[in-house]
Amino acid sequence: MNDEKLTAYLKNILEKGRMAEAIDLSKEMGAQLSEEEINSYIFQYLDQGWLSKAVEGSKAAGVELPDDMLFGWIDKYLEEGQIYSAINAIKFLGVPLPKDSLIEAGRKCLLEGELIKGLDAFKAAGEEVPEEELLSCGNKCFEEGKLYPGLEAYEKVNKTPTDELLTLCGDRCFEEGWTNRGLESYERSSMSPTKEKLLACASRCFMDKNQDEGRRAIVEANKARE
């Protein structure tokens, strides 16, 4: 393997978070990683939510990461809705779960229509999700054309979304060129999409090179009323 390929391989394993391996390899190559490179990759791991890789890499490099800084990154993950990064980091460090912070992060995820993340945050905190927040999440999902998470949110509280919510979801789907999902949204309501909406959906599909859903939108448009 020539120097160029070795350098490319070294960069590849660094980007995958395998710093200890990279350090050993760089020594064998006679080109030790600089302090600047090491710090840059450690920051990159932290920024990507890889706190465990950052800590393991820093130990291999002989760099100390203060606890306060690590806890600060956990707070950042929670604030930004990176629930899994936060939970994995907490478990890796072996510290108590910050219940209130997890609930707050879960609530934020639900308000943004991130159902699974929100549910997992509440589960990690050992708390049930309030009905009102599940319904708010479901409404947000429908608004964004996310039919299945919206349905799941409503199912969890044994409620059925209104026709208005379902058609709102369908319209958003058509705007985005998601023919099949839009049609299913309407099928679950007592209403039917207009020809105009279906043709607009077909246009978006073809623009996005989604030929199959574009053709289906045209077929359904030919059956629809104006």
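Thresholds applied
Residues numbered from 1 in each chain as written. Predicted model: local features only at pLDDT ≥ 70, side-chain atom pairs only at ≥ 80, totals over all residues. Heavy atoms only, no water. Helix = DSSP H or I, 4+ residues; strand = E, 2+ residues; numbered from the N terminus. Rg over C-alpha atoms; globule rule 2.2 N^0.38 Å. Buried < 20%, exposed > 50% of the residue type's maximum accessible area, 1.4 Å probe, protein only. Contact = heavy atoms within 4.5 Å. Areas by Shrake-Rupley, 256 points an atom, 1.4 Å probe, with all protein chains shown as cover. Expected span 1.5 Å × (residues − 1). Arc of directions from axis to C-beta. Core = buried A, V, L, I, M, F, W, Y, C linked by side-chain atoms within 4.5 Å. Axes fitted to C-alpha atoms, helices over the stretch in contact; angles between N-to-C directions. Parallel < 35°, antiparallel > 145°, perpendicular 65-115°, else oblique. Nonpolar A, V, L, I, M, F, W, Y, C, P; charged D, E, K, R; others polar.

## Focus on the overall build of the protein chain
Thought 1: Counting its secondary structure elements, the protein chain contains 14 helices and zero strands.
Thought 2: Each helix and strand of the protein chain, ordered N terminal to C terminal, gives the series α-α-α-α-α-α-α-α-α-α-α-α-α-α.
Thought 3: The C-alpha atoms of the protein chain give a radius of gyration of 24 Å, which is well past the 17 Å a tight globule of 226 residues would have.
Thought 4: Here the C-alpha coordinates of the protein chain stretch approximately 75 × 50 × 20 Å along the principal axes.
Thought 5: The 226 residues of the protein chain split such that 39% are buried.
Thought 6: Of the contacts made within the protein chain by residues no fewer than 6 positions apart, 49% connect residues no fewer than 24 positions apart.
Thought 7: Summed over all atoms, the accessible surface of the protein chain reaches about 12,900 Å², with 47% contributed by carbon and sulfur.

## Overview of helix α5 (residues 67-79)
Thought 1: Given a rise of 1.5 Å per residue, 13 residues ought to cover 18 Å, and the 18 Å separating the end C-alpha atoms of α5 matches this to within 8%.
Thought 2: Turning to α5, its buried residues number three or more, namely Leu70, Trp73, Ile74, Tyr77 and Leu78. The buried side chains of α5 occupy one side of the element, clustering within an arc of 140 degrees when seen end-on. Facing away from the buried surface of α5 by more than 90 degrees, the exposed residues are Asp68 and Glu79.
Thought 3: Here the buried face of α5 lies against α3 (35-47), α4 (51-61), α6 (83-93) and α7 (99-111).
Thought 4: Phi for glycine 81, located one or two positions after α5, is positive at around 75 degrees.

## Focus on the nonpolar core
Thought 1: Counting residues in hydrophobic clusters, the biggest one holds 52 residues, and the most contacted among them are Leu14, Met19, Leu46, Leu51 and Phe142.
Thought 2: Sequence-distant contacts of phenylalanine 142, defined by excluding residues within four places in its chain, comprise Leu147, Gly150, Leu151, Tyr154, Pro161, Leu165, Leu166, Leu168 and Cys169.
Thought 3: In terms of nonpolar packing, the next biggest core, distinct from the first, is built from nine residues, Phe174, Leu183, Tyr186 and Ala202 among them.

## A closer look at the packing of helix α8 (residues 115-125) against helix α10 (residues 147-155)
Thought 1: Interaxial distance between α8 and α10 falls to 10 Å at its minimum, and their mutual angle equals 40 degrees. Between α8 and α10, the angle falls in the class oblique. Residue-level inspection shows Leu115, Ile116 and Leu119 of α8 in contact with α10, the latter providing Pro149, Glu152 and Ala153.
Thought 2: Of the residues that constitute the contact of α8 with α10, the class distribution is five nonpolar, no polar and one charged.

## Digging into the side chain of serine 26
Thought 1: Along the chain, serine 26 turns up in helix α2 (residues 19-29).
Thought 2: Residue classification places serine 26 among the buried residues on the basis of a relative accessible area of 1%.
Thought 3: The contact partners of serine 26, leaving out residues within four places of it in the chain, are Leu10, Ala31, Gln32 and Leu33.

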